[in-house]
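Geometric and topological summary
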Amino acid sequence: FIPHFFDFSNKISDFDKNHDIGISGHLGFEPYPMRTRIYHYLERWHNNRYNISVLPHPGYSQKSFSHNIVGEKYIQYLSTNWLNITCRGGWRNGMVGKYVEIGKSLSLPIGDVPYSLNKKCKELMVAIDNEDDNSELDYKISSALSNKSELKERIKEYQNECEKSYDFRVLVPEMLSVIRDL
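Quantities reported herein were computed from a predicted structural model and do not represent experimental measurements. (Residues numbered from 1 in each chain as written. Predicted model: local features only at pLDDT ≥ 70, side-chain atom pairs only at ≥ 80, totals over all residues. Heavy atoms only, no water.)

A few words on the side chain of S105. On the secondary structure map, S105 appears in the loop between α3 (98–104) and β4 (108–111). With relative accessibility at 0%, the residue S105 sits in the buried group. Within the structure, the side chain of S105 is placed 2.7 Å from the backbone oxygen of I102, a separation counted as a polar contact. Setting aside residues no more than four positions away along its own chain, S105 makes contact with I12, K17, I75, L78 and S79. (Helix = DSSP H or I, 4+ residues; strand = E, 2+ residues; numbered from the N terminus. Buried < 20%, exposed > 50% of the residue type's maximum accessible area, 1.4 Å probe, protein only. Polar contact = N/O pair within 3.5 Å; in protein donor to acceptor, adjacent residues only side chain to side chain. Contact = heavy atoms within 4.5 Å.)

Grouped together as the largest cluster of nonpolar side chains are 38 residues, with contacts concentrated most on L83 and Y158. Taken together, the elements giving at least two residues each to this core come down to β1 (19–25), α1 (33–45), β3 (81–85), α3, β4, α4 (119–124), α5 (134–146) and α6 (148–166). Apart from residues lying up to four places away in sequence, Y158 is in contact with Y99, G103, S107, L108, P109, L117, C121, L124 and M125. Ranked by size, the runner-up nonpolar core spans five residues in total, among them Y74, Y77, L78 and I102. (Core = buried A, V, L, I, M, F, W, Y, C linked by side-chain atoms within 4.5 Å.)

Across the sheet, five strands lie side by side as β2-β1-β3-β4-β5; this open sheet has parallel pairing. Looking at the sheet topology across the chains shown, the edges are occupied by β2 (52–56) and β5 (126–127). Here β4 pairs with β5 via two bridges, running parallel. Within β5, the position partnered with I110 by the bridge is V126. Contacts between helix α2 (residues 72–79) and the sheet are confined to β1, β2 and β3, with β1 contributing the most and set at about 145 degrees to the helix. (Pairing = 2+ DSSP bridges. Axes fitted to C-alpha atoms, helices over the stretch in contact; angles between N-to-C directions.)

A word on the layout of surface pockets. When its volume is computed, the largest pocket comes out at roughly 370 Å³. Around the largest pocket, the lining comprises 19 residues; the ones closest to its centre are H57, P58, Y74, K98 and E101. Among the elements of the structure, β1, β2 and α3 are those that each provide at least two residues to the lining of the largest pocket. In the lining of the largest pocket, the residues fall into nine nonpolar, seven polar and three charged. (1 Å grid on protein atoms, 1.4 Å probe; cavity = no way out; pocket = protein on both sides within 12 Å on 5 of 7 lines; lining within 4 Å. Points joined across faces, edges and corners; volume = space filled by probe spheres on them. Nonpolar A, V, L, I, M, F, W, Y, C, P; charged D, E, K, R; others polar.)

Turning to α2, its buried residues number three or more, namely Y74, I75, Y77, L78 and S79. Close packing links the buried residues of α2 with β1, β2, β3 and α3.

Looking at where I110 falls in the secondary structure, it is placed in strand β4. Sequence spacing of I110 and P173 is 63 residues, and the spatial spacing of their C-alpha atoms is 30 Å. With residues near it in sequence (within four places) discarded, I110 still touches I38, L83, N84, I85, T86, M125, V126, I128 and I141.

Taking 1.5 Å per residue, 13 residues should reach 18 Å; α1 reaches 18 Å between its end C-alpha atoms and fits that length. Along α1, the residues classified as buried are M34, R35, T36, R37, I38, Y39, Y41 and L42. (Expected span 1.5 Å × (residues − 1).)

Right, let's talk about the packing of aromatic side chains for a bit. Two descriptors summarise a pair of aromatic rings, namely the distance from one centre to the other and the angle between the planes of the rings. Using the criterion set out here, one finds two aromatic pairs in the structure. Each ring, one from F15 and one from W82, has its centre 5.8 Å from the other, and the planes form 20 degrees; the classification is stacked. A residue pair is termed long-range when its members are at least 10 positions apart, and F15 in the segment before β1 and W82 in strand β3 qualify at 67 residues. The class for W82 is buried, based on a relative accessible area of 11%. With 6.2 Å between their ring centres and 25 degrees between their planes, Y74 and Y77 make a pair best called stacked. Of this pair, Y74 and Y77 both sit in helix α2, separated by three residues, roughly a single helical turn. Note on Y74: relative accessible area 9%, which makes it buried. (Phe/Tyr/Trp six-rings, centres within 6.5 Å; stacked < 30°, edge-to-face > 60°.)

Below, the structure written as structure tokens:
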């Protein structure tokens, strides 16, 4: 298994934040239950408490994208948010690329934790468990956003961990070594 990997040579390095929380991509309880749960919770109970940015999924065909915020523009979008909601895809427990994209963008993921995510990244992200009730969800979000200087350090550490573990300069040589050893 080779996780998602990215080029971190052009990672975001400036804290130019416009929003507390960003949500992007497809919403639906079947494919992305945690992302959808967090979004609906925030929309219903905290729409005025936090500055939330919403970017819908652009679609799968470049010819019919609903917007052009993809690739590096997407990384720029993520970078405008302190936290970005993501999800491992429910029962699939998959590490979607968004966990690493959020790191490259100098932001912090909030969502459930995929088993294959780097151990230190697991500790740094805002981890939401299926068992967390709304008060626990609220506590984790408000605690993360309450002290921006501490949050900055946490985000920088998350980005560094993502770069050490998921930059293509690290993973491609490892993958080639595995192939050679077959």
